[in-house]
Amino acid sequence: MTHLDPIDIAIVALVGLLLHWIPLWRRHDLWFGVTVPPDFSDTPQAQLVLRRYRRWVWLLTVVAVACVLAAGALHTSVLMAAAPIIQAVGAAAAFAVVRRSVLPFAAQSPAVRSAPLEPTPEGLPGGIVSILVPLAMLAATALYLHGEWSEIPARFPAHWDIDGTPDRWADRSWRAAYGPLLTGGLVISCMFLVAEAIVHRSPRGRIAGTEAWTARFRRANLMLLVAAVWAVTATICFISLLPLLTGGGQPALIAGVVPLVLTASLAPFIVQLVRLTRDRTSGSDGTPDTCWKFGQIYINPNDPALVVEKRFGVGYTLNFGNRALWWILMGTLLGFAFVIALR
Amino acid sequence: MQPPDIQIDLDSTTPVNRQIVEQLRLQLVAGGIRPGDALPSVRRLAIDLGVHFNTVADAYRTLAEEGWLDVSQGRAVRVRERAMPPASSKTRQMFLRRLRQLVAEARASGVPAASLARDLAATAETLK
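Nothing here was measured: the structure is a model prediction, and the numbers come from that model.

Novice: Looking at this structure, how should I read the overall build of chain A?
Specialist: When you go through chain A residue by residue, the secondary structure sums to nine helices and nine strands. Expressed as lengths along the three principal axes of its C-alpha atoms, the size of chain A is roughly 65 × 55 × 35 Å. Across the 343 residues of chain A, 45% fall into the buried class. If the 27 positive side-chain charges of chain A are averaged to one point and the 20 negative ones to another, these points end up 7 Å apart.

Novice: What should I look at first to understand the packing of helix 5 (residues 174–201) of chain A against helix 9 (residues 323–342) of chain A in this one?
Specialist: Helix-helix packing is described using two parameters, namely the angle between the two axes and the distance between the axes. Residue and element names in this part refer to chain A. Running from N to C, helix 5 and helix 9 point in directions that differ by 170 degrees, and their axes come no closer than 9 Å. Judged on the interaxial angle alone, helix 9 and helix 5 are roughly antiparallel. Between helix 5 and helix 9, the residues in contact are Trp-174, Arg-175, Leu-182, Thr-183, Leu-186, Val-187, Cys-190 and Leu-193 and Ile-328, Thr-332, Gly-335, Phe-336, Val-339 and Leu-342, respectively. For the contact of helix 5 with helix 9, the residue count by class is 10 nonpolar, three polar and one charged.

Novice: Is there a simple way to think about unusual backbone geometry in this case?
Specialist: Excluding glycine, residues mostly carry a negative phi; peptide bonds, for their part, are mostly trans. Residues and elements named next belong to chain A. Positive phi outside glycine occurs at Asp-39, with the angle close to 70 degrees. Along the polypeptide, Asp-39 turns up in the loop between strand 2 (34–35) and helix 2 (44–74). For Phe-294, which is not a glycine, the phi torsion comes out positive at approximately 60 degrees. With respect to the helices, strands and loops of the structure, Phe-294 is situated in the loop between strand 6 (292–293) and strand 7 (297–298).

Novice: Teacher, can you tell me more about the packing of helix 2 of chain A against helix 3 (residues 77–102) of chain A here?
Specialist: Residues and elements named next belong to chain A. It is the contact of helix 2 with helix 3, at a shortest axis distance of 9 Å, that shows an interaxial angle of 170 degrees. One element, helix 2, and the other, helix 3, form an angle in the roughly antiparallel class. Crossing of helix 2 against helix 3: the hand is right-handed. Partitioning the contact of helix 2 with helix 3 into residue classes produces 22 nonpolar, four polar and one charged.

Novice: Explanation requested: the sheet that holds strand 3 (residues 69–70) of chain B in the structure shown.
Specialist: Residue and element names in this part refer to chain B. Strands sit in the order 2-4-3 across an open sheet of three strands; the sheet is antiparallel. Sheet topology places strand 2 (38–39) and strand 3 at the edges, where each strand pairs with a single neighbour. Pairing between strand 3 and strand 4 (residues 77–79): two bridges, direction antiparallel. The residue of strand 4 that forms the bridge with Leu-69 is Val-79.

Novice: Please clarify how the interface of chain A and chain B should be interpreted in this entry.
Specialist: Size of an interface: often given as the accessible area lost when the parts come together. Listed by partner, the interface residues are 25 residues for chain A and 24 residues for chain B. Buried area between chain A and chain B, both sides added, is near 2100 Å², and the carbon and sulfur share of it is 55%. Linking chain A to chain B there are one salt bridge. The shortest N-O distance in the salt bridge between Arg204(A) and Asp48(B) comes to 2.8 Å. Viewed at the interface, chain B and chain A are joined by 12 residue pairs in polar contact (both at pLDDT 80 or more). Looking at the side of chain A that touches chain B, the element that brings in the most residues is strand 3 (residues 112–116) of chain A, giving five residues.

Novice: What should I look at first to understand the state of the cysteines in this one?
Specialist: Note on terminology: disulfide describes a covalent bond linking the sulfur atoms of two cysteines. Residues and elements named next belong to chain A. The final tally for this structure, using the stated rule, is zero disulfides over all chains. The cysteine Cys-190 is free of any disulfide, with Cys-237 supplying the nearest cysteine sulfur at 17 Å. Under the relative-accessibility criterion, Cys-237 is labelled buried at 7%.

Novice: Teacher, can you tell me more about the packing of aromatic side chains here?
Specialist: The description of two aromatic rings rests on the distance between their centres and on the angle between their planes. Tallied over the entire structure, the rule returns 11 aromatic pairs over all chains. For the pair Phe32(A) and Phe95(A), a centre-to-centre distance of 5.2 Å together with 35 degrees between the ring planes defines the contact as tilted. Of this pair, Phe32(A) sits in the loop between strand 1 (30–31) and strand 2 while Phe95(A) sits in helix 3, and the two are 63 residues apart along the sequence. Of the two residues, Phe32(A) and Phe95(A), neither departs from the other in class, the shared state being buried. Measuring from ring centre to ring centre gives 4.9 Å for Trp292(A) and Tyr298(A), while their planes differ by 40 degrees; the resulting arrangement is tilted. The pair Trp292(A) / Tyr298(A) is uniform in exposure class, with both members buried. Within the aromatic cluster, the residues linked to one another by ring pairs are Trp31(A), Phe32(A), Tyr53(A), Phe95(A) and Phe312(A). Between the NZ or CZ atom of Arg54(A) and the centre of the ring of Trp21(A), over which it lies, the distance is 5.1 Å. The positively charged end of Arg43(B) is found above the aromatic ring belonging to Phe53(B), 5.1 Å away from the centroid.

Novice: What's the story with the nonpolar core in this structure? I'm lost.
Specialist: Nonpolar side chains tend toward joint burial in soluble globular proteins. Counting 36 residues, the largest nonpolar core has Leu124(A), Leu138(A), Leu181(A), Ile198(A), Phe217(A), Leu222(A) and Leu266(A) as its most contacted members. Those elements that place two or more of their residues in this core are helix 4 (129–147), helix 5, helix 6 (211–246) and helix 8 (267–276) of chain A. Per-element accounting of this core gives the leading share, 13 residues, to helix 6 of chain A. Those residues within four positions of Leu124(A) in sequence are excluded, and the remaining contacts are Ser130(A), Ile131(A), Phe192(A), Ala195(A), Glu196(A), Val199(A), Leu222(A) and Val226(A). If you look at the next biggest cluster of nonpolar residues, it comprises 23 residues, including Val51(B), Val56(B), Leu69(B) and Val77(B).

Novice: I keep staring at the side chain of Glu309(A) and nothing clicks. Help me out?
Specialist: All names here are of chain A. Here Glu-309 lies in strand 8 (residues 307–309). Within the structure, Glu-309 has its side chain in polar contact with the side chain of Arg-27 (distance 2.7 Å). Not counting the four nearest positions on each side in its chain, Glu-309 is found in contact with Arg-27, Trp-213, Thr-214, Phe-217, Asp-285, Trp-292, Gly-315, Tyr-316 and Thr-317.

Rules behind the numbers
Residues numbered from 1 in each chain as written. Chains lettered and ligands numbered in written order. Predicted model: local features only at pLDDT ≥ 70, side-chain atom pairs only at ≥ 80, totals over all residues. Heavy atoms only, no water. Helix = DSSP H or I, 4+ residues; strand = E, 2+ residues; numbered from the N terminus. Buried < 20%, exposed > 50% of the residue type's maximum accessible area, 1.4 Å probe, protein only. Lys, Arg positive; Asp, Glu negative; His and termini not counted. Charge placed at Lys NZ, Arg CZ, Asp CG, Glu CD. Axes fitted to C-alpha atoms, helices over the stretch in contact; angles between N-to-C directions. Parallel < 35°, antiparallel > 145°, perpendicular 65-115°, else oblique. Contact = heavy atoms within 4.5 Å. Nonpolar A, V, L, I, M, F, W, Y, C, P; charged D, E, K, R; others polar. Left-handed = near helix turned anticlockwise from the far one by under 90°. Pairing = 2+ DSSP bridges. Buried area = accessible area lost by both parts, 1.4 Å probe. Salt bridge = Lys/Arg side-chain N within 4 Å of Asp/Glu carboxyl O. Polar contact = N/O pair within 3.5 Å; in protein donor to acceptor, adjacent residues only side chain to side chain. Disulfide = S-S within 2.5 Å. Phe/Tyr/Trp six-rings, centres within 6.5 Å; stacked < 30°, edge-to-face > 60°. Lys NZ or Arg CZ within 6 Å of the ring centre and 35° of its normal. Core = buried A, V, L, I, M, F, W, Y, C linked by side-chain atoms within 4.5 Å.

Structure (structure tokens):
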């Protein structure tokens, strides 16, 4: 067992725990992505389905742990990469399989739809400041790198192993120096695009009586997204400055701690979001069950929404039935291809 | 004042665009929405209700033709100041026919005549 195994195993166990709880983070009238009568989740049938799903999750977690141990013993990174994939894909498959046992108990999706006559939806938390701050951070970092160009070592680490050992190096060039900022700019643009889609292209509660809950849920998601953008931006700026901070050597302990602290700073926002799902007034989401493939992929060409609430996990997912979405996805892919080509 | 909600029934035999028109007209006459108030854009209301953009656009167009809404391209949908036109005898006859049918339906379902008269008077008072 290498010294990294305990950390890797802890991560795998944490993912297992998350997958264990995810089915409970839902609207009250949904169970495994199916619209059910209120309080169906308290019935023995519902609990049986949950137990079946959880058995799969822990079986997959054991397999993932075995992969991590084998990766350490055989010194192969393929098995290490396979562990989270086995867990994520396996849990999604387990969710889809057990969902079929819920379908016989499905309630008819409410035919009555409701909408507020409030013209303008809420904006991003913090308004324009929430966008300007990360942009200013990126710009300030770029300017600082430009000003200190001669101080950047001729050769510096560009990628690190999980234990902090550099495994890829780069020569001083504008691509190597500004590449992380460019990639970061694109990533945060995508995140803001998702936030804008939530504000302007997602429903504000289609079922009467759920508007207030939906408004709180949307707000909590947007707050998490904005906080994540700030955290990602701070991490990217920090990574970009590492050649200057470490003089091209191996990064100090702080290099690993800073991204961890930034990630941990998102915890209160996630907790707030998860706590919302305990509210019994959340009802259903007003999307037809038949348009959810495997309970996870939403394809509804008759729904003009670009994003809708997830039924597996907390947050929003895309409406793959919306033609505009495919153009946006193509544009995003082209943007990433352009940045990768530049680097 | 909190803006009112709109509700549609996808299982109803009444087309969705007509349901939107009827509910908005009710709010406009009752004063739930007042002249100068902004309404959600076509896109916003369509997304909130989960119906096609054209359905909402058609409903707004109908209300604009009746003089209730200003739906100029590129601007927010706003409620217009609208004077009640004097009803012609033809119009009154048409509504009387519809009212008779509605009353007959209610009576056939067992609603007492006195209760109907009371409700009708109260409704007319509310929507003055």
